[in-house]
Amino acid sequence: MNRLLRKIKIFLEDHWILLAIILAAAILIMLSAIGMSKLESYARISALANMPLTILVMLISGAITAFIYVSVMFGYMGKMKQQKVDPRQVDVKFSDVIGIDQAVEEAREVTQLLIDRSRLNKMGGHFIKGILMVGPPGCGKTYLAKAIATETGVPFLSMSGSEFVEMFVGVGASRIRKMFTKARRLAYSHGGCIIFIDEIDAVGRVRAFSFGGGQETNNTLNQLLVELDGVAGRSNIVIIGATNAAEGHLDPALLRPGRFDRKIYFSLPDVDGREKIFRYYLSKVKADPNVDIGKLARQAVGKTPADIEYIVKESALIATRNKKEFIAHKELSDAMERIELGLKHRMKMTTKEKEMTAYHEAGHLMTTYFLHPYNDVFKASIIPRNNSLGVVHSQPREEFHSQNLNHVFAQIKVSLGGYVAEKVQFGITTTGVSSDFKVAMAYAHRMVWQFGMGISGRIGDYTTIPPEQLSESVKERLNEETNQILQKCLTDVTTLLKKEKILLDRFAKELIEREELEYDEIEKIFTEYGKKPFFLENS
Ligand code: ZN
């Protein structure tokens, strides 16, 4: 009953102009009718004859006024894509948010606190006013915010931080004000409201005292701070901000207690998370039940939930185009490759060039298999794409957040594999090695200059010292060490490929014939020769 009264009150507040106009019109019509009845018949007829014209003129002028009003109001404000979303319409459950279990766990806790708010109120506890979601894009921040709204059952206002950043001074601040006014009313009538500001870093950047556009951002941010402080515990408004940037990029004032003091961190899903996400999206399409989801998840290292959704959708498109009944591993692998490696483009290669490329890629493939402690080869291809004639696609078996000496050494050796294969087979090499050399050189350089992984045992990060302060002899010695690392790797790879020449020839031949080799096909050939990957050989 109470809520109904509040809704009526809000309705009256919102529509009083309309109600006043209707009342005034009714009074005028009544007066006119009374007046008419008192007139002589001639005058009455003349008044009636004038009436249609009068009405027409009024309608036209009314339409013009309305048009000007609307175009001024909405031309200016129309860009504001503020959305009010009813909790029943959002309808995202926590069980729908998958692969980011830790963030969901924290969101559950927050939701529980929001629901128990009245209890907390009685106990005099501390309210949650602002929640900051921090993490890379595509990890489901918006989705989780919607889930919080659904689970707490209050309306949800959603805006993007960039909408507050305008050229005109004061517009951003006034939009903030409007949004909070709306939220307060919604909270008043619905018992609560959640405001979601995506890309809050667009507003909440560390305040810069510059002459350019900085001032406007400052005004907007100040307004946001004022509103945040104005949200009293009782009004039951919660602001959720989301940012891709690290917290350090946000103005410290935003992070102070009582503002965005509650944080939910998002990270890329791990292998289990990715498996769950694949399972979820694959359950929504027609997929071959034999698809090895575990393998897919391992293959998709570093992919966000949004990426995985995209991969599954893309694979459905590929399957349709190939007139397949079901989505199989092949389509999923092609879709993943498309975002990873770019589109294939058919280009005429001479037989000689194709042979060269085949040996080059076979070299990468074999060095990865035999010398890399952590990576699996998923695919080798000599179909040109982007700037390369061929590619070997390998992925770490597990996520690593740092690399040890063996790892870095392996990366260099794998990079040199293409060059060595060309050299071993043809005696001469191509310019196709330049990007590989770039990778190898960068690793070797950093090993010596930054990571203390050089052969001499010298440690320290020499890049922190300005180059002009380093003596020539130190630079010379460091560069010499870099070269030693490259030479050592070159020797190791040459020994390997010479020893396994028969296998190298075989892979080159298969690539020339089939152009692409998938994980299973590669694995089969190695097994045929009784070979095992590095990590099995050395474990
Ligand atoms: Zn290469």
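All values reported here derive from a predicted model rather than from experimental measurement.

Undergrad: Account for the nonpolar core, naming residues and giving values.
TA: Counting residues in hydrophobic clusters, the biggest one holds 30 residues, and the most contacted among them are Leu 365, Met 366, Phe 370, Leu 497, Phe 507, Ile 522 and Phe 526. For this core, the secondary-structure elements that each account for two or more residues are helix 15 (351–371), strand 7 (375–381), helix 16 (405–426), helix 18 (472–499), helix 19 (501–514) and helix 20 (519–528). At nine residues, helix 15 tops the list of elements feeding residues into this core. Look past the residues within four positions of Phe 507 in its chain and what remains in contact with it is Ala 362, Leu 365, Met 366, Leu 517, Ile 522, Ile 525 and Phe 526.

Undergrad: So, the packing of helix 13 (residues 305–321) against helix 14 (residues 329–341): which residues are in play, and what are the values?
TA: Packing of helix 13 against helix 14 brings their axes to within 8 Å, and their N-to-C directions diverge by 120°. By the criterion of interaxial angle, the relationship of helix 13 to helix 14 is oblique. As for the relative orientation of helix 13 and helix 14, their crossing is right-handed in sense. Where helix 13 abuts helix 14, its residues Asp 307, Tyr 310, Ile 311, Val 312, Glu 314, Ser 315, Ile 318, Ala 319 and Arg 321 lie against Glu 331, Leu 332, Asp 334, Ala 335, Met 336, Arg 338 and Ile 339.

Undergrad: Could you give me a rundown of empty space enclosed by the protein, with the residues and numbers involved?
TA: One pass over the structure, following the stated rule, counts one cavity of 30 Å³ or more. Looking at the largest cavity, its volume works out to about 40 Å³. Every residue lining the largest cavity is listed: Gln 299, Ser 333, Met 336, Glu 337, Glu 340, Lys 379 and His 393. The element that contributes the greatest number of residues to the lining of the largest cavity is helix 14, accounting for four residues. Looking at the lining of the largest cavity residue by residue, the class counts come to one nonpolar, three polar and three charged.

Undergrad: Hey, could you go over the sheet that holds strand 7 for me, with residue numbers and the actual values?
TA: Sheet strands pair by backbone hydrogen bonding; their relative direction is either parallel or antiparallel. Here we have three strands laid out as an open sheet, ordered 8-7-9, and antiparallel in their pairing. On the outer flanks of this sheet lie strand 8 (391–396) and strand 9 (516–518), each paired with one strand and no other. Direction aside, the axes of adjacent strands within the sheet are offset by 25° on average. Relative to strand 9, strand 7 is paired through three bridges, and the arrangement is antiparallel. Looking at the pairing, Ser 381 lines up with Glu 516 of strand 9.

Undergrad: Explain the pattern of salt bridges residue by residue, including any values.
TA: Taken as a whole and judged by the stated rule, the model has 27 salt bridges. Lys 379 is the partner of Glu 516 in a salt bridge, and the nearest nitrogen-oxygen pair spans 3.9 Å. A residue pair is termed long-range when its members are at least 10 positions apart, and Glu 516 in strand 9 and Lys 379 in strand 7 qualify at 137 residues. Lys 379 matches Glu 516 in its accessibility class, with the two residues each being buried.

About the cut-offs
Residues numbered from 1 in each chain as written. Predicted model: local features only at pLDDT ≥ 70, side-chain atom pairs only at ≥ 80, totals over all residues. Heavy atoms only, no water. Core = buried A, V, L, I, M, F, W, Y, C linked by side-chain atoms within 4.5 Å. Buried < 20%, exposed > 50% of the residue type's maximum accessible area, 1.4 Å probe, protein only. Helix = DSSP H or I, 4+ residues; strand = E, 2+ residues; numbered from the N terminus. Contact = heavy atoms within 4.5 Å. Axes fitted to C-alpha atoms, helices over the stretch in contact; angles between N-to-C directions. Parallel < 35°, antiparallel > 145°, perpendicular 65-115°, else oblique. Left-handed = near helix turned anticlockwise from the far one by under 90°. 1 Å grid on protein atoms, 1.4 Å probe; cavity = no way out; pocket = protein on both sides within 12 Å on 5 of 7 lines; lining within 4 Å. Points joined across faces, edges and corners; volume = space filled by probe spheres on them. Nonpolar A, V, L, I, M, F, W, Y, C, P; charged D, E, K, R; others polar. Pairing = 2+ DSSP bridges. Salt bridge = Lys/Arg side-chain N within 4 Å of Asp/Glu carboxyl O.

Shape descriptors only; they carry no functional weight alone.
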